[in-house]
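Here is what each chain is made of, one letter per residue.
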Amino acid sequence: MLSEEDQLELYQSRGDYVSACLYLLDIFRGRINAEKDFKEHLSQYLSEHLRHLVDLAMDGCKEGKVSELVAHYKVMRRMLQAYISILLTVSIGTKSFHCLVERDVISRAIFLESLDEFVLDGSLESPPPALVSEYLSHLASEGHFSQLQASVVRFPIECIDIHYVMSTCKQNGLYDGIIYVMNKAFGDYLSPLEEMLSDVSSFASHEVLSDAEVERGNRLLLYLHCCLTGHSYPYGTLPPELSHSIPEEVYRCITSLKGKDGTSTTANYPYLRLLLLFDAQQVFHDFYICFGSHSQSRCHILACIVSSNIFISPGSLKAASPSNW
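Model, not experiment: these values are computed from the prediction.

Draft legend 1. Looking closely at the packing of aromatic side chains. What the rule picks out here adds up to five aromatic pairs. Seen from their ring centres, Y135 and F155 are 6.2 Å apart, and the 85 degrees between their planes marks the pair as edge-to-face. Of this pair, Y135 sits in helix α10 (residues 129–142) while F155 sits in the loop between α11 (145–152) and α12 (162–171), and the two are 20 residues apart along the sequence. Accessibility classification places Y135 together with F155 in one group, the buried group. Here Y223 and Y233 contribute two aromatic rings whose centre-to-centre distance is 5.6 Å and whose plane-to-plane angle is 75 degrees, an arrangement assigned as edge-to-face. With a gap of ten residues between them, Y223 in helix α15 (residues 211–228) and Y233 in the loop between α15 and α16 (245–254) connect regions that are remote in the sequence.

Draft legend 2. View of the pattern of salt bridges. Using the criterion set out here, one finds six salt bridges in the structure. A salt bridge links E195 to K170; the nearest nitrogen and oxygen atoms lie 3.8 Å apart. On the criterion of sequence distance, the pair formed by E195 in helix α14 (residues 190–201) and K170 in helix α12 is long-range, its members being 25 residues apart. Residue E195 is classed as partly exposed on the basis of its relative accessible area of 27%. D176 is the partner of R219 in a salt bridge, and the nearest nitrogen-oxygen pair spans 3.1 Å. With R219 in helix α15 and D176 in helix α13 (residues 175–186), the pair connects residues that are 43 residues apart, well separated along the chain. The burial state of R219 is the same as that of D176; both residues are buried. Because the salt bridges share partners, they merge into one network encompassing D176, E215 and R219.

Draft legend 3. Inspection of unusual backbone geometry at higher detail. The omega torsion across Y233 and P234 is 0 degrees, close enough to zero to call that bond cis. Of note, P234 is situated in the loop between α15 and α16.

Draft legend 4. Spotlight on α13. Over its twelve residues, α13 runs 15 Å from end to end, which matches the ideal 16 Å to within 8%, given 1.5 Å per residue. The buried fraction of α13 is high, at nine of twelve residues. Along α13, the positions that sit buried rather than exposed are Y175, D176, G177, I178, I179, Y180, V181, M182 and N183. G187 lies just past α13 and shows a positive phi near 65 degrees.

Draft legend 5. Broad picture of the side chain of E194. Summarising the element assignment, E194 is placed in helix α14. Look past the residues within four positions of E194 in its chain and what remains in contact with it is C253, K260 and Y271.

Draft legend 6. Here's a closer look at a negative patch on the surface. On the surface, a cluster of negative charge is made up of E5, D6, E9, E35, D37 and E40. Of all elements in the fold, only α1 (4–14) and α3 (36–40) reach the threshold of two or more residues within the negative patch. No other element matches the three residues that α1 contributes to the negative patch. Secondary-structure assignment places D37 in helix α3.

Draft legend 7. Up close: the packing of α1 against helix α2 (residues 17–29). Interaxial distance between α1 and α2 falls to 8 Å at its minimum, and their mutual angle equals 155 degrees. Between α1 and α2, the angle is such that the two are roughly antiparallel. You can see that α1 and α2 cross each other, and the crossing is right-handed. Facing E4, Q7, L8, Y11 and Q12 of α1, the residues of α2 in contact are Y17, S19, A20, Y23, L24 and I27.

Draft legend 8. Representation of the confidence of the model for the chain within the structure. On average, residues of the chain score 79 in pLDDT, and 71% of them are at 70 or above. Contacts for the low-pLDDT stretch residues 92–98, under 50 throughout, to residues beyond four places or in other chains number 15 contacts. The model gives residues 314–325 a pLDDT under 50, and that stretch makes 19 contacts with residues more than four places away or in other chains.

Draft legend 9. Region of the structure containing the environment of V153. Here V153 is to be found in the loop between α11 and α12. By relative accessible area, V153 is classed as partly exposed at 23%. Residues V153 and V119, spaced 34 residues apart in sequence, show a C-alpha to C-alpha distance of 10.0 Å. Aside from chain neighbours lying at most four places away, what touches V153 is D176 and Y180.

Calculation criteria
Counting from 1, residues in each chain are numbered in the order their sequence is written. Side-chain atom pairs in this predicted model are given and counted only at pLDDT of 80 or more, local residue features only at pLDDT of at least 70, and totals for whole chains, interfaces and linings cover all residues. Side-chain descriptors were evaluated using all non-hydrogen atoms of the structure, hydrogens and water having been removed beforehand. Within 6.5 Å between ring centres, the rings of Phe, Tyr and Trp (the latter by its six-membered ring) count as paired, and their orientation is classed by plane angle as stacked under 30 degrees, edge-to-face over 60, tilted in between. A helix here means a DSSP run of H or I that spans at least four residues, while a strand means a run of E at least two residues long, and both kinds are numbered starting from the N terminus. Only protein chains enter the accessibility calculation, which uses a 1.4 Å probe; a residue whose area is less than 20% of its type maximum is buried, one above 50% is exposed, and one in between is partly exposed. When a carboxyl oxygen of Asp or Glu is within 4 Å of a side-chain nitrogen of Lys or Arg, the pair counts as a salt bridge. In a helix, the anticipated span is given by 1.5 Å times the number of residues less one. In what follows, a contact means two residues having at least one pair of non-hydrogen atoms within 4.5 Å. The residues that make up patches have over 30% relative accessible area and no salt bridge, and they are joined within 9 Å when like-charged or within 5 Å when they are Val, Leu, Ile, Met, Phe, Trp or Tyr. Note that accessible areas follow from Shrake-Rupley with a 1.4 Å probe, and for residues the cover is restricted to the protein chains shown. The sign given to each residue is positive for Lys and Arg and negative for Asp and Glu; His and the chain ends receive no count. Think of each charge as sitting on NZ of Lys, CZ of Arg, CG of Asp or CD of Glu. As a rule, the C-alpha atoms of each element are fitted with a line to give its axis, helices using only the stretch in contact, and angles between N-to-C directions run from 0 to 180 degrees. Should an angle lie under 35 degrees it is considered roughly parallel, over 145 roughly antiparallel, and from 65 to 115 roughly perpendicular; all remaining angles are considered oblique. Crossing handedness: left-handed means the near helix sits turned counterclockwise from the far one by under a right angle, and right-handed means the same turn made clockwise. The predictor rates its confidence in each residue with pLDDT, a number between 0 and 100.

Below you can see the structure in the form of structure tokens.
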């Protein structure tokens, strides 16, 4: 049976530094047993093989057309992914990382694209803020806003540039990102709700809604449902200290007489009116699930509807009937 040193030499003789690095990484993670003496020098071995990996990825195509450079770096993607795996697991290689991403704009772009799968599967548990900023800026510059939004909610809130993320999300209507930052960074659950209510009010009265409008409206209903039932959006549960206060605050918000800051003068109960206009049946269904046997809350909502003469389509009246509530 080969010793750890012999196994490394075998990989090196083949020029297979990717396998050598992944082999060392498995030892570091405890997936492969190794002698104590070898483990004591593990960080040194990893550093050396990382340098080989970077040199192979970066120096194999120093000159040429842009298309040739792109093709070269894409061939080296497996090396980059092995490199990232080690950086995410072992506290070494920071200097090499900066060399890698700053060598040229093409290598930087390919490297950042290689992060996608690590971000989406949650491997980036405590990424350096500089890396997060580079990655999100790259996604924005490429117009990959769906990926940007999906990534923001997977990064620890302390690792992201809040000002940049909020600005980018607001400019591009990325409400999942806005909700995540407002909830996690500021403990603010009402501002995202009020922003989405304002957004939906711009199209709720349309006879025919576009797919994008339906999606935005459904996001509002899902967020409302999560808040009223004590869940985090879009999954998980609220912190124990917020599990009672947030549902109450949100309930008061949507049943407020004059809306945000009490400044709406066009109609009473503007938020409740808007929600029922957009999808009365779904709203009543959510109220039923959220309030259950809390008859006082149900009666309050019905009183708001009756006193304000809010119109409900005949098809939605069944959902509001006492037998369903």
